[in-house]
Amino acid sequence: MDSARAQKVLKGKYPAKEHAKRVVEWMKKNHKGKGEVNGVLYLEGQKTRMIEDNDEAAPFRQRRFFYYLTGCDLPDSYFTYDIESGKSTLYIPPIDVDSVVWMGLPLSEEEALQKYDVDQALTTDQVNATLAHPRSSYSSTVWTIANQVSGHITFLEFSHKNFTLLKTAIEECRVVKDEYEIALTRHANDISTIAHTEVLKRVKTAKNERELEAAFIEKSIANGAREQAYHSIVASGTAAATLHYQKNYAPLDGKLNLLLDAGAEYGCYASDITRTFPISGSFSPESLSVYNIVLEMQSTCTSMLREGILWDDVHLKAHEIAIDGLLKLGILQGSKEDILRSRTSVAFFPHGLGHYLGMDTHDTGGHPNYEDKDSMFRYLRVRGKLPAGSIITVEPGIYFCRFIIEPYLTDPVHSAYINFETLNRYWEVGGVRIEDNILITRDGYENLTTAVKDVDEMLKIINGS
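Residues numbered from 1 in each chain as written. Predicted model: local features only at pLDDT ≥ 70, side-chain atom pairs only at ≥ 80, totals over all residues. Heavy atoms only, no water.

Before going further, it helps to spend a moment on helix α8 (residues 179–202). Along its 24 residues, α8 runs 35 Å from first to last C-alpha, staying within 8% of the 34 Å computed at 1.5 Å per residue. Counting buried residues along α8, 18 of its 24 residues qualify, which places the element largely inside the surrounding structure. Capping of α8 at its N-terminal end is provided by D178; its side-chain oxygen lies 3.2 Å from the backbone amide nitrogen of Y180. (Helix = DSSP H or I, 4+ residues; strand = E, 2+ residues; numbered from the N terminus. Expected span 1.5 Å × (residues − 1). Buried < 20%, exposed > 50% of the residue type's maximum accessible area, 1.4 Å probe, protein only. Polar contact = N/O pair within 3.5 Å; in protein donor to acceptor, adjacent residues only side chain to side chain.)

Our focus in this paragraph is the packing of aromatic side chains. Following the criterion strictly, the structure yields 9 aromatic pairs and no others. Seen in terms of ring centroids, Y14 and Y180 are 5.8 Å apart; in terms of plane orientation they differ by 85°. Their pairing is edge-to-face. With a gap of 166 residues between them, Y14 in the loop between α1 (3–9) and α2 (16–30) and Y180 in helix α8 connect regions that are remote in the sequence. Across the pair, Y180 and Y14 agree in class, each one buried. Judged by centre distance (6.5 Å) and plane angle (40°), the ring pair of Y42 and Y78 falls under tilted. Placement of the pair is Y42 in strand β1 (residues 40–44) and Y78 in strand β2 (residues 78–82), with a sequence separation of 36 residues. Neither Y42 nor Y78 differs from the other in exposure class; each is buried. Put simply, the rings of Y14, Y67, Y180 and Y269 touch in pairs and so form one group of aromatic residues. The side chain of R174 reaches across the aromatic face of F65, ending 5.9 Å from its centre. The ring of W427 carries R402 above its face, with NZ or CZ at 4.2 Å from the centroid. (Phe/Tyr/Trp six-rings, centres within 6.5 Å; stacked < 30°, edge-to-face > 60°. Lys NZ or Arg CZ within 6 Å of the ring centre and 35° of its normal.)

Domain boundaries assigned for the protein yield domain 1 (3–174) and domain 2 (179–463). A C-alpha centroid distance of 36 Å is found between domain 1 and domain 2. Residue-level contacts link 19 residues of domain 1 with 19 residues of domain 2. Among the residues domain 1 hides against domain 2, the three largest losses belong to L10, R64 and R174. Together they make up 33% of the total. Taken together, the connections running from domain 1 to domain 2 amount to 6 salt bridges. Taken together, the links from domain 1 to domain 2 amount to 14 residue pairs in polar contact (both at pLDDT 80 or more). Where the side of domain 1 that touches domain 2 is concerned, the elements lending two or more residues are α1, α2, α3 (64–70) and α7 (165–173). Looking at the side of domain 1 that touches domain 2 element by element, the count peaks at 5 residues for α1. (Domains from an automatic or database assignment. Contact = heavy atoms within 4.5 Å. Buried area = accessible area lost by both parts, 1.4 Å probe. Salt bridge = Lys/Arg side-chain N within 4 Å of Asp/Glu carboxyl O.)

This next bit is on the sheet that holds strand β13 (residues 391–394). If you trace the 3 strands from one edge of the open sheet to the other, you get β13-β16-β17, paired in antiparallel fashion. For this open sheet the edge positions go to β13 and β17 (445–447), each flanked by a neighbour on one side alone. Each neighbouring strand pair of the sheet contributes to a mean axis angle of 35°, computed without reference to strand direction. Looking at chain direction, β13 and strand β16 (residues 436–440) are connected through 4 bridges and run antiparallel. Bridging from a neighbouring strand, I392 pairs with I438 of β16. The strands touched by helix α10 (residues 285–303) are β13, β16 and β17; relative to β13, the strand with the most contacts, the crossing angle is about 150°. (Pairing = 2+ DSSP bridges. Axes fitted to C-alpha atoms, helices over the stretch in contact; angles between N-to-C directions.)

Attention shifts here to the sheet that holds strand β4 (residues 120–123). Taking strand neighbours across the sheet as the criterion, the 6 strands line up as β4-β3-β2-β1-β5-β6 in an open arrangement whose pairing is mixed. Edge positions in the sheet fall to β4 and β6 (160–162), since each of these pairs with one other strand and no more. Between one strand axis and the next, the sheet turns through 20° on average, direction left out of account. Pairing geometry for strand β3 (residues 87–92) and β4, over 4 bridges, is parallel. Along β4, the bridge assignment pairs I92 with T123. On the sheet, α2 packs against β1, β2, β3 and β5 (141–143) and is oriented at approximately 60° with respect to β2.

Turning our eyes to something else, we now look at the pairing of β2. For β2, a buried count of 5 out of 5 residues is recorded, marking the element as mostly surrounded by other parts of the structure. The alternating pattern of β2 places Y78, T80 and D82 and F79 and Y81 on opposite faces, both of which are buried. Inspection of the sheet shows β1 paired to β2 by 5 bridges, in the antiparallel sense. Note that in β2 the partner of V40 across the bridge is D82. One ladder, built from 5 bridges, connects β2 with β3; its direction is antiparallel. From the neighbouring strand, D82 faces β3, where its bridge partner is K87. Turn length for the β2-β3 hairpin, with the two strands adjacent in sequence and antiparallel, is 4 residues, and the turn residue G86 shows positive phi of about 75°.

Here it is, written out as C-alpha cells:
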C-alpha cells in the first residue's frame, strides 16, 4: 500500500465493528472451558478532566481500548456491544445548554452515526436505562475493564461480571493491523518525514534543541497531525547517550551530533522515527564510523524480517553486528564469541531492538519479560514470533554513556574486552540510533518510514546543496 492508496482507504470509516467481531472471536477461542462468551461488551471513553486550580480542561487523550472498538475520539462517551446480535451502540454526551454558550453545539446522534462505524448512536443519559432493561442475551455476562467503569453505572441485570478478559483480548487483537490501521500509520510516518526533513534543514543554523523541537511540531501540525505520539527526544552531543532524554533546551554550540527521536500521531495512531546526524553538516570520523555500524545493524536486521521470525533472534543478530563493528574500531578487544557470551556489548547497546507500534508508541501484545536474568534480553519489549500484519520498530543504537559503561570498566570480566584508550576518543559521539517502522508481511516486510538516513542525502539537506 503506497501513500496514495492509504489516502483512499482513509476516506472510509475506522473499522470499529470488524474490531469488535475480532475481539469477540478471540475471547471465544481463549475462554474455552471457562464458560460461554455471551452478553455484552461495555467500555467507557476517557472523561474530561479539569486542571487543578484552573477552569480549563487538561489535554485529552482517548482511551485506546475504547477507541479500538469505536473509532470515536469524543470525551465522556460510552459503548456497548451485544455479542449475540452483533449490535454496537455508541453513547455520546447530550446537549448541555450552558456548555453550548462557550463551546458550540456538540456532535448530534445523527452526525455520530454518519461519522463512526457503529449501529446505533444514543446520548449518555440513556446508558443505564439500556443496561437496566436488557435483551435476552444481556442477562448473562458483562465484559468490561477494571477501574474504567463510572460509579453511576450499574450492572445489576447481569448474572456475571468479567473485568479481565476484554482488556487482554483487545491487547492481543491490536497486534495485527488491518488495512485502515496500516494506512493511518503510514500517513503518520509521511507527516513525520516532512517534519524530520525540516529539522535537517534547520540544524546547522539553530542555536538550541528547543528550536528544533519547535520546527518538528510546527510541520506536524501544519500537515494535519496536531498531536505527537510521544514527547520528542532532541538530544545534542553527549545527551544522545541518554535513551529517553527530555530536556530539549540545551545549546548546540560545540557539539558533534543531534539525535532526533520524534513521531507525529495521526488518527490516534503513532509513528516512531529516530535519526542521528551532524550539527555542523559534516560527521567527525568517529561519529561516521559508529553511524555506519548502526546503519548496518538496522539494514541487516530489517532484511531478516518476515512472518514467523523470532524477534529474539533478530535482536541477537544486532548485537553480533555491533560487536563486529566495535572490534574493528578497537573499542572492543578479544574474541567475538567471548564478548557475546559475557554480554559486554550490552554496555553499548543496552535497550531492545524495537517494539510493536500502533495506537500506543510502545504498543500492546509484545509479552516482554523484564525479569529475564539475561541482560541482553531483559529490556526487549517483544518476545516471540512476529505475525503478518504487525508493525514493529527496528531501532538499533550504540551509546557512549559514562553512567552505563563505567561499571563495566571496573568489572574484571567485562573490562578485559574494552580498550579504554580507544574508548576515550568516542565519548563526544554521545549516541547513535536509527529507527524505522516496519510492517511484517507474509513474504517479508514493508518499510513505512521514508525519512532520509543515507549519509550523503542527509548532508545535502543539512548543507542546502
